[in-house]
Amino acid sequence: MASLKEVKTRIQSVNSTRQITSAMKMVSSAKLHKAQRAVNEFFPYQHKLNEILNNFLEYEKRDESKLFIPFSTEREVKKVAIVVVSSNTSLCGAFNSGVIKLLESTIEEYSYLGKENILVIPIGKKVSEYACRLPNVLDKELDEFVHKPNYEDIAQFADQLSQMFLTGEVDKIEFIYQHFKTTTTQLLTREIYLPFNISHEVSRLNEDDRRHHEQIEYEVNYVIEPGRQELLDMLIPKVIRLKFYTVMLDSIASEHSARTVAMQIATDNADELLQSLKIQYNKSRQQAITNELLDIVGGSMQ
């Protein structure tokens, strides 16, 4: 059995750890509320923009003329780019390991293309540490997107990815990230970024928005200036930029959510361990006192 001093030292160590995990939980919780607010404030704008674009495209289907949408062009995949979003720090449970495992399986799925034709674009220090061992990784520091997401910077990089797709440098771009569902639930997500599928984006609307969308009658005669093609050329790149920004906000909210839960579990485990150690300490102390009393009684009887 451990001595009283050893048990007391362990109690102090566990208590110190508990204070750290409890503080980290409160910090992550505050950051989570901020991230949720950013997501909730931004999603309605993105949803409405997607709905407007989809309504326009549905109306255009009735017209005999065909509009050219280069971002939606599907072609044989000879080279693929995989954008992977993780956190910059750890202590967030299985948040990063899940992303890395999905990246591994995705690379395995595209192995028939050859390693040189699978471009990995890591965003976040944790996935960057893993990706540095891969043969074809984008040599660009993007960790700031996770630390402090700025729309202008993210939109500029989204334009670079779009240009890579339009010029044929890559034939397909995918996202891997953690989607924020609830405070306790994150969904590991893999989805196609380009070629762009507006129908898929509309399907991400909530149930009420979808029901409203299905009830719309596309009998409106749009008056468009300067022209239909010019409108699409302006609107679709904007939606694509917003998509990238939304993924970043989504992943950041998921990270803080995962860390809040992980720190809560760690704090609860520390409480249980402290209770067990205190019981052990009290038993050892009681036994030591009993032994001393027995020694005193035994000495007085001699």
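Undergrad: Can you help me understand a positive patch on the surface in this one?
TA: On the surface, Lys31, Lys34, Arg37 and Lys148 cluster together to form a positively charged patch. With respect to the helices and strands, arginine 37 occurs in helix 1 (residues 4-60).

Undergrad: What should I look at first to understand the pattern of salt bridges in this one?
TA: Two side chains with opposite charge may pair up if their charged atoms get near one another. Applying the stated rule across the entire model yields eight salt bridges. For lysine 243, the salt bridge goes to glutamate 191, with nearest N and O atoms at 2.1 Å. On the criterion of sequence distance, the pair formed by lysine 243 in helix 8 (residues 228-301) and glutamate 191 in strand 4 (residues 185-194) is long-range, its members being 52 residues apart. Here arginine 259 and glutamate 255 are joined by a salt bridge, their closest N and O atoms 3.0 Å apart. Of this pair, arginine 259 and glutamate 255 both sit in helix 8, four residues apart, which is roughly one turn of the helix. Looking at arginine 259, the relative accessible area reads 6%, which means it is buried. Here glutamate 255 falls in the buried class, since its relative accessible area comes to 7%. In the salt-bridge network here, residues are joined through shared partners; they are Glu109, Lys172, Glu174 and Arg190.

Thresholds applied
- Residues numbered from 1 in each chain as written.
- Predicted model: local features only at pLDDT ≥ 70, side-chain atom pairs only at ≥ 80, totals over all residues.
- Heavy atoms only, no water.
- Patch = residues over 30% accessible without salt bridge, like charges linked within 9 Å, V, L, I, M, F, W, Y side chains within 5 Å.
- Areas by Shrake-Rupley, 256 points an atom, 1.4 Å probe, with all protein chains shown as cover.
- Salt bridge = Lys/Arg side-chain N within 4 Å of Asp/Glu carboxyl O.
- Lys, Arg positive; Asp, Glu negative; His and termini not counted.
- Charge placed at Lys NZ, Arg CZ, Asp CG, Glu CD.
- Helix = DSSP H or I, 4+ residues; strand = E, 2+ residues; numbered from the N terminus.
- Buried < 20%, exposed > 50% of the residue type's maximum accessible area, 1.4 Å probe, protein only.

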